[in-house]
There are 2 protein chains.
Amino acid sequence: MPAGGHDVDSGPASSGCLLATVSGVRARAPASSANLGPAFDALALGLSLHVEVVVEPADRLEVTSEGEGAGLPRDATHLAARVAAEVCGHDRLRVHVTSTVPVGRGLGSSAALAVAAAAAAGAADPMVWGHLVDGHPENAAASVLGGLVAATVGAEGPVAARLPLDPALSFVVLVPNHELPTTLARQALPAEVPLADAAFNLSRTSMLVAALADRRLLSAELFEDRLHQAFRSAALYPQAPRLLEGLVAAGAVGSCWSGAGPSLLAVCDGTEAGAQVQAAGPRLLADAGLSGRSLLLVPDLDGLLVGP
Amino acid sequence: MPAGGHDVDSGPASSGCLLATVSGVRARAPASSANLGPAFDALALGLSLHVEVVVEPADRLEVTSEGEGAGLPRDATHLAARVAAEVCGHDRLRVHVTSTVPVGRGLGSSAALAVAAAAAAGAADPMVWGHLVDGHPENAAASVLGGLVAATVGAEGPVAARLPLDPALSFVVLVPNHELPTTLARQALPAEVPLADAAFNLSRTSMLVAALADRRLLSAELFEDRLHQAFRSAALYPQAPRLLEGLVAAGAVGSCWSGAGPSLLAVCDGTEAGAQVQAAGPRLLADAGLSGRSLLLVPDLDGLLVGP
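Residue indices begin from 1 for each chain and proceed along its sequence in written order. Whichever chain is written first is A, and whichever ligand is written first is 1; the rest continue in order. Where totals are concerned, whole chains, interfaces and linings use all residues; where local detail is concerned, this predicted model gives features only for residues with pLDDT of at least 70, and gives and counts side-chain atom pairs only at 80 or more. Excluded from the side-chain calculations are hydrogens and water; all other atoms, namely the structure's heavy atoms, are used.

1. Re unusual backbone geometry
Residues and elements named next belong to chain A.
At step 1: The residue after G261, namely P262, is reached through a cis peptide bond having omega 5°.
At step 2: Strands are runs of DSSP state E lasting at least 2 residues, helices are runs of H or I lasting at least 4, and numbering of each runs from the N terminus. Tracing the backbone through its elements, the reader meets P262 in the loop between β9 (254-257) and β10 (264-269).
At step 3: Phi at N35 takes a positive value of approximately 85°, unusual for a residue other than glycine.
At step 4: With respect to the helices and strands, the residue N35 is situated in the loop between β1 (25-34) and β2 (43-57).

2. With respect to the domain arrangement of chain A
Residue and element names in this part refer to chain A.
At step 1: What the domain assignment lists for chain A is domain 1 (18-163 + 300-307) and domain 2 (169-297).
At step 2: Should any heavy atoms of two residues lie within 4.5 Å, those residues are considered in contact. Between domain 1 and domain 2, the contact holds 25 residues from the first and 35 residues from the second.
At step 3: In short, buried area is how much 1.4 Å probe accessible area vanishes from two parts on joining, totalled over both. Taken together, both faces of the contact between domain 1 and domain 2 bury some 2,100 Å²; the carbon and sulfur share is 62%.
At step 4: Summed over the three residues of domain 1 that lose the most area to domain 2, namely P38, F40 and R105, the buried surface amounts to 31% of that side.
At step 5: Salt bridges are defined by distance alone: a side-chain nitrogen of Lys or Arg within 4 Å of a carboxyl oxygen of Asp or Glu. Our count for the domain 1 to domain 2 interface comes out at 2 salt bridges.
At step 6: As a salt-bridge pair, R293 and E68 come within 3.0 Å of each other at their nearest N and O atoms.
At step 7: Two N or O atoms count as a polar contact when they lie within 3.5 Å, although within protein this holds only if one can serve as hydrogen donor and the other as acceptor, and sequence-adjacent residues are included solely when both atoms are side-chain atoms. At the junction of domain 1 with domain 2, the criterion picks out 17 residue pairs in polar contact (both at pLDDT 80 or more).
At step 8: For the side of domain 1 that touches domain 2, the elements supplying multiple residues, two or more each, are β1 and β2.
At step 9: Counting residues per element, the side of domain 1 that touches domain 2 draws most heavily on β2, which supplies 5 residues.
At step 10: A breakdown of the residues in the side of domain 1 that touches domain 2 according to their chemical character gives 14 nonpolar, 8 polar and 3 charged. Domain borders in the structure are assigned automatically or taken from a domain database. Residues are grouped as follows: Ala, Val, Leu, Ile, Met, Phe, Trp, Tyr, Cys and Pro are nonpolar; Asp, Glu, Lys and Arg are charged; every other residue, Gly included, is polar.

3. Concerning the state of the cysteines
Residue and element names in this part refer to chain A.
At step 1: Note on disulfides: each one is a pair of cysteine sulfur atoms within 2.5 Å. This structure, assessed with the given rule, holds 0 disulfides over all chains.
At step 2: There is no disulfide at C268, and the cysteine sulfur nearest it, in C256, is 11 Å away.
At step 3: You can call C268 buried: its relative accessible area is 0%. A 1.4 Å probe rolled over the protein chains alone gives each residue an accessible area, and that area as a share of the maximum for its type sets the label: buried under 20%, exposed over 50%, partly exposed in between.

4. Comments concerning the packing of helix α2 (residues 109-120) of chain A against helix α3 (residues 126-134) of chain A
Residue and element names in this part refer to chain A.
At step 1: Note on geometry: axes are lines fitted to C-alpha atoms, helical ones only across the stretch in contact, with angles between N-to-C directions running from 0 to 180 degrees. Taken N-terminus to C-terminus, the directions of α2 and α3 make an angle of 145°; their axes are 8 Å apart at the nearest point. Helix-helix and strand crossings are classified by hand; for α2 and α3 the assignment is right-handed. On α3, the residues touching S110, A111, A114, V115, A118 and A119 of α2 are P126, M127, W129, G130, V133 and D134.
At step 2: Among the residues making up the contact of α2 with α3, the classes are represented as 9 nonpolar, 2 polar and 1 charged. Helix crossings are classified by the rotation of the near helix relative to the far one: an anticlockwise turn of less than a right angle makes the crossing left-handed, while a clockwise turn makes it right-handed.

5. Quick word on the sheet that holds strand β11 (residues 292-297) of chain B
All names here are of chain B.
At step 1: Two strands are said to pair when DSSP picks up at least two bridges between them. Strand order in the open sheet formed by 4 strands is β9-β10-β7-β11, with antiparallel pairing between adjacent strands. Taken across any chain shown, the strands that pair with only one partner, and hence form the sheet edges, are β9 (254-257) and β11. Going across the sheet, the axis of each strand differs from the next one's by a mean of 20°, ignoring polarity.
At step 2: Relative to β11, strand β7 (residues 169-176) runs antiparallel, the two sharing 6 bridges. Across the sheet, the residue bridging to F171 is L297, located in β11.

6. Some remarks on the relation of the copies chain A and chain B
At step 1: The fit set for superposing copies consists of C-alpha atoms from residues with pLDDT of at least 70 in both; the fit itself is least squares. When chain A is fitted onto chain B, the two copies agree to an RMSD of 0.0 Å after a turn of 180° and an axial shift of 0.0 Å. The superposition of one copy onto the other is thereby described by a two-fold rotation axis.
At step 2: When the interface residues of chain A are mapped onto chain B, 100% of them again fall at the interface, so both copies present the same face.

7. Here we look at the interface of chain A and chain B
At step 1: Counting residues at the interface gives 38 residues for chain A and 38 residues for chain B.
At step 2: Interface area, chain A with chain B, both sides summed: about 2,900 Å², of which 70% is carbon and sulfur.
At step 3: Seen at the junction of chain A and chain B, the total is 0 salt bridges.
At step 4: Viewed at the interface, chain B and chain A are joined by 11 residue pairs in polar contact (both at pLDDT 80 or more).
At step 5: Broken down by secondary-structure element, the contributors of at least two residues to the side of chain A that touches chain B are β5 (148-154), β6 (157-163), β8 (192-194) and α6 (195-213) of chain A.
At step 6: The leading source of residues in the side of chain A that touches chain B is α6(A), at 12 residues.
At step 7: A breakdown of the residues in the side of chain A that touches chain B according to their chemical character gives 27 nonpolar, 6 polar and 5 charged.
At step 8: The pairing of β8(A) with strand β8 (residues 192-194) of chain B spans 3 bridges and is classified as antiparallel. Its bridge partner lying in β8(B), V193(A) is registered against V193(B).

Structure below.
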């Protein structure tokens, strides 16, 4: 966690806790789907599931939680409490979390929670806090900016920007009921890869950026990846390739892992195609021997929203 | 070379030679700068230097050439003659080439020449011919589409698209007088690279695409690369790193190799900054012990132009 915490006694500061002057702050951040196939650690998409965090002054730390992630310990170890306390420099806080973002499923729940908690606690740059949780910035960037984002880590921290996104695209996410911890998913990756495969992903990513701005250019092959998905499937998730093919066969323009999985993302041309792919989801999951949900989502274009 | 040649006796066909019905066709294609730092084999930029090819019916092959590349053998081995003859299915052609694109300098001269020759000979898809020359499609794509392009090779051949480019950007190219054959530059590259470096280039490329559309987002670090430039510098071109730094010190927003070199590209915010960087070019080259030219260029937004 970065320095930048301030005790309320020292008064509000641009990078510190604003709770000295307000009775409570509410912040909402969207879920996100990172990688989008070839764009490993580079692109992410804000999606219409949300984490909301309210931070208020209190006598001692209180953590409450509703919705997704409500089963997590409601104490100082809770990520929202940790981030809010670090931002504020103390833990005399009431932290309330409401979430529709499945946890540990590759939908950026940690980054969204950290971004929302940091913003509700008054952090000047919530994206930095989201980045710290993941170690790479694209989920946090999508949770802050919304829409389709590019992100990288520069000398002074994460930098990110919105990219154009065709408004007619819709998205289906298959969310298995089991978690796939990001650390395990990272361990499945090789240390070295052929340069030709790196170049393959670079050229696919470049075309994918053009095609996500204009869906007439989209095709399934633009989601092809040679750097992460196959390694993770082989090590952790043998059903994934068939599920990805099934999503395209059901009508998606393309499909890919959502972040480090196990959720899988289908990109669909229009809401009708999206509904059709969503409807096929339960059968695809069942055929793969998995239980889970099939969600039809739209891009979140608002990103982080902060208010009283 | 692909099939698709047609003898004039069999009449013109959409993918064949059009010279049976016209007395001659003129085609012009721009130079291009590929890679743009991190976007190895993925992005390219059409620039305001051009190859023009005129193909006319003749009793036997005649090749004439003016400008850059005029010293190349004017016979059936000339790339323009080879491409035109393949497209037409015979070599009873007069092929005239006029070029301002330096040859063998990393400015896509071969791709531009192949694209223009194929188009002048009536090829249905000149980009395919340009792609065959290089084996990767981004130079050919820029020579056909102009502007900033993304390109990749799909199952059915090269696919490419324009990306937005901030109209206020200008470009300086340092063109050393020595050639750096692309084959040598390719041999300098490692077979394998760290996955982290591939991910680095992916995230830099994604942000670079956003920033080339909006120059306020541009910074020198977005041109950083870990996959090709340093290997090529070490093996073939030890002066390159200092020249790249010198271009930024002279006022460029960022700098990178142009294709496989030895030309170096400086991206400048506005024509005034461009002129300043161009003016510094001769001193930078001299300090590096090199002779060469410093060219101030603008993007070519027309791409391939074909007419009588």
